[in-house]
Amino acid sequence: MDQLDGNLIDTDVLVVGGGSGGLMAALSAKRHGPPGTRVTLVDSWLIGRTGHTAFSNAWTIVALPGDDIDGILHEIVAGNDGIADQELVRQSLIDSHARLKDFEAMGMHFGRDEAGRYKRRPTRGLDLARVLYPEGGGLEFAWKQRLALEAEGVQLIDRLFITGLMRGASGDRIIGAVGINSRTGEFNVIKARSTIVATNAITFRSGFVRDITGTGTLLAYRAGATLRNAEFSYVRPGTPKFYFEGITFAIQEGASWVNAKGESFMQSYEPEWGDEADVPRIARAMAMENRKGNTPLYLDMSAIPEQLREYFIQSKVRWMDNFFRKLGDEAKTDMFGKTPYYALNQMTKMGIRTGADCRSDVPGLLSAGLAQAGCANHFAGFHIGLCVGNGWIAGRSAVEDLDTAPQPSLDAAEVRALHAETHQPLNEQGKAESDRILRDLQAVMFAYDIGILKREDRLQNALERVSTLSDEFKTIAAPHTHELVRMKETEAMLLAARFILGASLYRTESRLSHFREDHDQRDDNNWLVWVDLAEGGNGPAFSKTPIPTPYCSVVLPRRKPSRLAARQSVAGV
Ligand SMILES: Cc1cc2nc3c(=O)[nH]c(=O)nc-3n(C[C@H](O)[C@H](O)[C@H](O)COP(=O)(O)OP(=O)(O)OC[C@H]3O[C@@H](n4cnc5c(N)ncnc54)[C@H](O)[C@@H]3O)c2cc1C
């Protein structure tokens, strides 16, 4: 390694990404592996303090003993318009109570009432599922897991930004990864017998967490993995003024979406669910109201009783609470009427295709967290719920693979090539320009008539603009390591944009967050399938994969109060 000027780390299971998926995958690998199993978790920033997980409320859907797991499964599948891995979702729900006990053993506290029962709430768009919320939100949730991993002997490496996956001398499986220290640029090579990518989906640096840019997903693609769900997205109602995740509960207490005319508009788009519809459906309604000229849009909280209002102008999560404290006395008037809301693009749902065992098509490569394409819609509480579930499964599968995985053998030429490729954009004379390109990319991808209301001609036009930006990107350089990392992220986002637009053109129907104005009906006969994409030699090749329906054999329309009755007619549930 001296000739390569870097560090060499040797491990059994490598986990890339320290959010809820990666933290749980590392714990699971350590627990399932025989004594002495070496597990290494790396993250480009500080494990336990970064990623969506640490910034979230960490509300989590947990099925307690006695809960109707198949009923919850059914409503999650129906709320995904069928685009869900039923086996994986079901197993995650079954395991969720044991994981809750793991979290409590780590010292986390979940709210309980005076009788000692867990405090639980329903969540938007689901009826039977209930969320639990840990005290201290995501920061405590992630940090306590970090401490637990340290105690169990998992090797934690902070500030290691992964830039490539290795195939090694035999070339037939992934044998680890290479990356750079995100501050110093120092090169690292990590040899591993199983590698789990848990780097989340792709956000185009929107929202309040700006380092989720899909690099891991795209590295997996380049290493031969298939990606799926690129046409689906998570566009949530929000306001740039403050972060207010309490919308879910405010609506349960009587808040309502209204337009500039003061009309409550959700009922006309979602007659069954109205304001309690889940996020993609609200986003689409907001885009339609925008098109009708009915903006600005507000969350009318005037129906919330006075004694409950204090609850909504604070947050138990410190960074969120800062917004309210900064607003001071204004918070009350701002929250209760004055603040315009927008449909803000938070992320794509594109992830790595795996089986319900979280193994990808590429030997040695697995996936967990939102980087794994288990669902196209997660609801508030099942983002983390599924990340925890698939992390547990991925860690176990990775350890099972160790029995047959050969000792990895490095290919010096490959490492040298990856080293050169990683540092290639560095040039002290360069200017930091990736953010300018990103802003242009955001303008393309966040436009309502591209990201929410889609049509062939506009998608084609957007593809051309992304292609122009990709050409421009090739001409810029990175004057220092910080910009080098940003360039790698921008490159990933440009590629992701291409995939999102391509998959959106490919799926010629409307379903869930994918709404094609020129194909505005859901078409189960032809499109109850996953859209997969893999490198076809000259760019991505798209294909359909039928979705297995072992538990919900028919995907019924979502109906609120009658859902339980409808469920009885579903075979297997
Ligand atoms: C403000 C906010 C509130 C939310 N609240 C909730 C909630 O209450 N309940 C719920 O279910 N969901 C919630 N969500 C969504 C949920 O937090 C996420 O979907 C979930 O945490 C994703 O977990 P993950 O492990 O997939 O990714 P993350 O937690 O984002 O972790 C991915 C990690 O990968 C690292 N990484 C990325 N690329 C690389 C690379 N190339 N090399 C090394 N490391 C890399 C990142 O630094 C990051 O730490 C919320 C999201 C936000 C932003």
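Rules behind the numbers
- The written sequence of each chain sets the order in which its residues are numbered from 1.
- Local features in this predicted model are restricted to residues of pLDDT 70 or higher, and side-chain atom pairs are both shown and tallied only at a pLDDT of 80 or more, whereas totals for entire chains, interfaces and linings draw on every residue.
- The side-chain values count all of the structure's non-hydrogen atoms but skip hydrogen atoms and water molecules.
- Throughout this document, a residue counts as near a molecule or strand when at least one of its heavy atoms sits within 4 Å of that molecule or strand.
- Counting of polar contacts relies on pairs of N or O atoms within 3.5 Å, with two restrictions inside protein: one atom must be capable of donating a hydrogen and the other of accepting it, and residues adjacent in sequence are counted only when both atoms are side-chain atoms.
- In this description, accessible areas are obtained by the Shrake-Rupley approach with a 1.4 Å probe, and a residue is regarded as covered only by the protein chains that are shown.
- Labels follow the DSSP assignment, with helices taken as runs of H or I lasting at least four residues and strands as runs of E lasting at least two, numbered in each case from the N terminus.
- Here the nonpolar group is Ala, Val, Leu, Ile, Met, Phe, Trp, Tyr, Cys and Pro; Asp, Glu, Lys and Arg are the charged ones; every other residue, Gly included, is treated as polar.
- Two rings from Phe, Tyr or Trp (for Trp, the six-membered ring) form a pair when their centres are within 6.5 Å of each other. A pair whose planes differ by under 30 degrees is stacked, one over 60 is edge-to-face, and the rest are tilted.
- Burial classes: relative accessible area under 20% of the type maximum marks a residue as buried, over 50% as exposed, and values in between as partly exposed (1.4 Å probe, protein chains only).
- By definition, being over a ring means that NZ of Lys or CZ of Arg is both within 6 Å of the ring centre and within 35 degrees of the ring normal.
- Every helix has an expected span of 1.5 Å times one less than the residues it contains.
- Two residues qualify as a contact provided that any one of their heavy atoms is within 4.5 Å of a heavy atom in the partner residue.
- Where each domain starts and ends comes from a domain assignment, either automatic or drawn from a database.
- Buried area is understood as the total, over both parts, of accessible area removed when two parts are fitted together, assessed with a 1.4 Å probe.
- The salt bridge definition used is simple: a Lys or Arg side-chain nitrogen within 4 Å of an Asp or Glu carboxyl oxygen.
- Residues enter a nonpolar core if they are buried and are Ala, Val, Leu, Ile, Met, Phe, Trp, Tyr or Cys, with the set joined through side-chain atoms within 4.5 Å.
- Cavity: a set of points on a 1 Å grid over the protein atoms alone where a 1.4 Å probe fits but cannot get out. Pocket: an open set with protein on both sides within 12 Å along at least five of seven lines, its lining residues, like those of a cavity, having an atom within 4 Å of a point.
- Grid points are joined across faces, edges and corners, and a volume is the space filled by probe spheres set on the points.

The local shell around the ligand holds 37 residues, among which D43, H52, T53, N200 and L370 are the closest. Take W59: an N or O atom from its main chain is 2.8 Å from a nitrogen atom of the ligand. A distance of 2.8 Å separates an oxygen atom of the ligand from a polar backbone atom of I384. Protein coverage of the free-state accessible area of the ligand, which is 1000 Å², stands at 98%. With 5 residues, helix α13 (residues 379-402) is the largest single contributor of residues to the shell around the ligand. The class makeup of the residues in the shell around the ligand is 17 nonpolar, 19 polar and 1 charged.

The next thing to look at is the packing of aromatic side chains. Enumeration according to the criterion identifies 10 aromatic pairs in this entry. The interplanar angle of 65° and the centroid separation of 6.5 Å between the aromatic rings of W59 and Y133 together place this pair among those described as edge-to-face. Of this pair, W59 sits in the loop between α2 (51-55) and β4 (60-61) while Y133 sits in the loop between β5 (131-132) and α5 (137-151), and the two are 74 residues apart along the sequence. Take W59: its relative accessible area is 12%, and that puts it in the buried class. Owing to a relative accessible area of 21%, Y133 belongs among the partly exposed residues under this scheme. The interplanar angle of 55° and the centroid separation of 4.6 Å between the aromatic rings of Y221 and F499 together place this pair among those described as tilted. With Y221 in helix α6 (residues 215-222) and F499 in helix α18 (residues 481-506), the pair connects residues that are 278 residues apart, well separated along the chain. For Y221, a relative accessible area of 4% corresponds to the buried category. Three or more aromatic residues joined by ring pairs make a cluster, and in this case those are W59, Y133 and F249. A cation sits over an aromatic face here: R121 above F249, 4.2 Å from the ring centre.

On to α5. The end-to-end C-alpha separation of α5 is 22 Å, in line with the 21 Å expected for 15 residues at 1.5 Å each. Looking only at α5, the buried set comprises G137, G138, F141, A142, Q145, R146, A148 and L149. Elements in contact with the buried residues of α5: α1 (20-32), β3 (39-42), α2, α4 (86-105), β6 (155-157) and α13. At the exit of α5 stands G153, carrying a positive phi of roughly 90°.

So, about the domain arrangement of the protein chain. Parsing the protein chain into structural domains produces domain 1 (8-232 + 346-414), domain 2 (240-340) and domain 3 (425-537). Contact with domain 2, which involves 8 residues of that partner, is made by 9 residues of domain 3. Carbon and sulfur atoms make up 65% of the area that domain 2 and domain 3 hide from each other, which totals about 770 Å². Among the residues of domain 2 in contact with domain 3, R284, A287 and R291 are the three that bury the most area, contributing 60% of the side total. Taken together, the connections running from domain 2 to domain 3 amount to 1 salt bridge. A salt bridge links E517 to R291; the nearest nitrogen and oxygen atoms lie 2.4 Å apart. Between the two partners, domain 2 and domain 3, sit 2 residue pairs in polar contact (both at pLDDT 80 or more). Residues that form the side of domain 2 that touches domain 3 fall into these classes: 4 nonpolar, 1 polar and 3 charged.

Let's shift gears to the nonpolar core. Judged by nonpolar contacts, the single largest core of 99 residues is most densely connected at V13, L41, I76, I196, F244, W257 and L299. The element best represented in this core is α13, accounting for 11 residues. Each residue touching L41, except ones within four places of it in the same chain, is listed here: V15, G17, G18, G22, L23, A26, I47, L149, V154, Q155, L156 and I157. Within the second largest apolar cluster, 68 residues are counted, among which are I157, M166, A492 and L495.

So, on to the layout of surface pockets. Here the largest pocket is characterised by a volume of approximately 880 Å³. If you list the elements that add at least two residues to the lining of the largest pocket, you get β7 (160-165), α6, α14 (412-423), α17 (456-473) and α18. Looking at which element gives the most residues to the lining of the largest pocket, the answer is α18, with 8 residues. Taken together, the residues of the lining of the largest pocket break down into 19 nonpolar, 8 polar and 8 charged. Two domains each donate at least three residues to the lining of the largest pocket, and these are domain 1 (8-232 + 346-414) and domain 3 (425-537).

Bringing unusual backbone geometry into the picture now. A cis amide bond links T295 to the next residue, P296, at an omega of 0°. Inspection of the secondary structure assignment puts P296 in the loop between α9 (279-291) and β14 (297-300). A positive phi is found at R159, a non-glycine position, where the angle reads about 55°. If you trace the backbone, R159 turns up in the loop between β6 and β7.

Scanning the entire structure with this criterion turns up 43 salt bridges. Taken together, the shared-partner salt bridges connect D81, E231, D278, R281, R507, E509, R511, R522 and D524 into one network.

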